[in-house]
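# Survey of secondary and tertiary structure
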Amino acid sequence: MFSSSIFKAKGSEKKLKDYGLKRKNTKASDQKPVNILGTAMTKGELRAQRNIKFVDMTPDQQAFIRRVLRDSSTQKELELMGKGGLIVRVVFVGEGKAGVYRRKQNITETPEIYLDPELTEDTVTHEFVHHARTVDESRERFTRTAHRIVNGAYDWAFRNENEFDIHNFEEAATVAETTARTQGHAKKVSGYYGYVEGVSRRVAYDSDRKRLTGNLQSANINETKGIKGKAATNRINSEFAKTHIASMMMYGRTALKSYEILNNKQ
């Protein structure tokens, strides 16, 4: 879920030890697994996450988030997401919400992600996709944020003028990329699929999952595996317009229509 409003986390400010590693010359030993919080990760995988700060969470929650990041994004993508800093907190984010992403703004120097304590692979991936869409300037078309970014922050005039279309397209495209990237298919389908008309949420999601991971529609959904890196962003750009989530209807028009409206204004 995306939020551009100011969100103040509640609860403890106690920080856990950050297990990131400083960069050294790449060696074969970087590929040897290291036991971190009960999770086997290589030094290279940990290094990719070194600028992501995990606070207000238990060791088990941190381990879960780290595993999801490792499985859903490449090391290069994670290094880019952490560039300039990123803070991740596990807090109650509000009734009916599973996560919130707050982009760098004039009053917020460091982007933050808030995740509900009932962590799922889908939710963690979703919020990090929002961040990647915003900070990765190499992205284009459907994989680039719906917001206009100026000097690393929102163009608030553009955001206020196009709030509904931004939310409509941004969430649909983020759901699509999340669907492509998660290691396993979602046991609980994103609520945004409830805005897809004429088909059940589960049927729409399963169909999109197969399409976006490169599987035949006849494939067993339990056997689909997520993709990441360029394979994921290329797939979104080639297939998003054909997905069910692109037809998500909010504010009187589809997400795809909102994209077209926004694209004509960029």
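Residues numbered from 1 in each chain as written. Predicted model: local features only at pLDDT ≥ 70, side-chain atom pairs only at ≥ 80, totals over all residues. Heavy atoms only, no water.

It is worth spelling out the pattern of salt bridges at this point. Summed over the entire model, instances satisfying the criterion amount to 17 salt bridges. The partner of R102 in a salt bridge is E112, with the nearest N and O atoms 3.5 Å apart. Separated by ten residues along the polypeptide, R102 in strand β5 (residues 99-102) and E112 in strand β6 (residues 112-115) bring together distant segments of the chain. You'll find R102 and E112 in the same group, each marked buried. In the salt-bridge network here, residues are joined through shared partners; they are E77, D136, R139, E177 and R181. (Salt bridge = Lys/Arg side-chain N within 4 Å of Asp/Glu carboxyl O. Helix = DSSP H or I, 4+ residues; strand = E, 2+ residues; numbered from the N terminus. Buried < 20%, exposed > 50% of the residue type's maximum accessible area, 1.4 Å probe, protein only.)

In this section: the packing of helix α4 (residues 121-135) against helix α6 (residues 163-181). The interhelical angle for the contact between α4 and α6, taken along N-to-C directions, is 120°, at an axis separation of 9 Å. With respect to α6, the element α4 is oriented oblique. The way α4 lies across α6 gives a crossing that is right-handed. Of the residues in α6, those in contact with D122, T125, H126, V129, H130 and R133 of α4 are F169, E170, E171, A173, T174, V175, E177, T178 and R181. Residue composition of the contact of α4 with α6, by class: four nonpolar, five polar and six charged. (Axes fitted to C-alpha atoms, helices over the stretch in contact; angles between N-to-C directions. Parallel < 35°, antiparallel > 145°, perpendicular 65-115°, else oblique. Left-handed = near helix turned anticlockwise from the far one by under 90°. Contact = heavy atoms within 4.5 Å. Nonpolar A, V, L, I, M, F, W, Y, C, P; charged D, E, K, R; others polar.)

Pairing in this open sheet of four strands is mixed, and the strands run β3-β4-β6-β5 from one edge to the other. In this open sheet, the two edge strands, each paired with only one partner strand, are β3 (52-55) and β5. Ignoring strand direction, the axes of neighbouring strands in this sheet form an average angle of 15°. Direction of pairing for β3 relative to strand β4 (residues 86-90): parallel, over a ladder of four bridges. Within β4, the residue paired with K53 across the bridge is I87. Against the sheet, helix α2 (residues 59-72) contacts β3, β4 and β6, and its axis sits at roughly 150° relative to β3. Where α4 meets the sheet, it contacts β3, β4, β5 and β6, and its direction lies at approximately 15° from that of β5. (Pairing = 2+ DSSP bridges.)

Bringing the confidence of the model for the chain into the picture now. On average, residues of the chain carry a pLDDT of 85, and 84% of them reach 70 or more. Long-range and interchain partners of residues 2-24, a stretch whose pLDDT sits below 50, account for 56 contacts in this model, where long-range means more than four residues apart. (pLDDT = per-residue confidence, 0-100.)

Formed by 29 residues in total, the largest nonpolar core has its most connected members in F169, Y193, I236, F240, I245 and M248. Of all the secondary structure elements, the ones that give two or more residues to this core are α6, α7 (201-212), α8 (230-239) and α9 (255-265). Among the elements that make up this core, the one with the highest residue count is α6 (seven residues). Judged by nonpolar contacts, the second largest core, of 19 residues, contains A48, L86, Y101 and F128. (Core = buried A, V, L, I, M, F, W, Y, C linked by side-chain atoms within 4.5 Å.)

Its identity as a non-glycine residue notwithstanding, R141 has a phi of 50°, on the positive side. Overall, R141 belongs to the partly exposed group, its relative accessible area being 43%. A positive phi is found at Y251, a non-glycine position, where the angle reads about 60°. Within the secondary structure, Y251 sits in the loop between β9 (249-250) and β10 (253-254). A relative accessible area of 40% means that Y251 is categorised as partly exposed.

Moving on to the packing of α6 against α8. For the pair α6 and α8, the least separation of the axes is 10 Å and the interaxial angle reads 135°. When the axis of α6 is compared with that of α8, the two are oblique. Seen from above, α6 lies across α8 with right-handed handedness. Packed against α6, whose contacting residues are A176, E177, A180 and R181, the element α8 presents A232, T233 and I236 at the interface.

Within the structure shown, the criterion is met by seven aromatic pairs. Here the aromatic rings of F142 and Y259 are separated by 4.6 Å at their centres, their planes lie at 55°, and the arrangement is tilted. Residue F142 is located in the loop between α4 and β7 (149-150), and its partner Y259 is located in helix α9; the two are separated by 117 residues in the primary sequence. The class of F142 is buried, set by a relative accessible area of 5%. Each ring, one from F164 and one from Y251, has its centre 4.6 Å from the other, and the planes form 20°; the classification is stacked. Within this pair, whereas F164 is found in helix α6, its partner Y251 is found in the loop between β9 and β10, the two being separated by 87 residues in sequence. Taken together, F142, F169, F240 and Y259 form an aromatic cluster joined through their ring pairs. (Phe/Tyr/Trp six-rings, centres within 6.5 Å; stacked < 30°, edge-to-face > 60°.)

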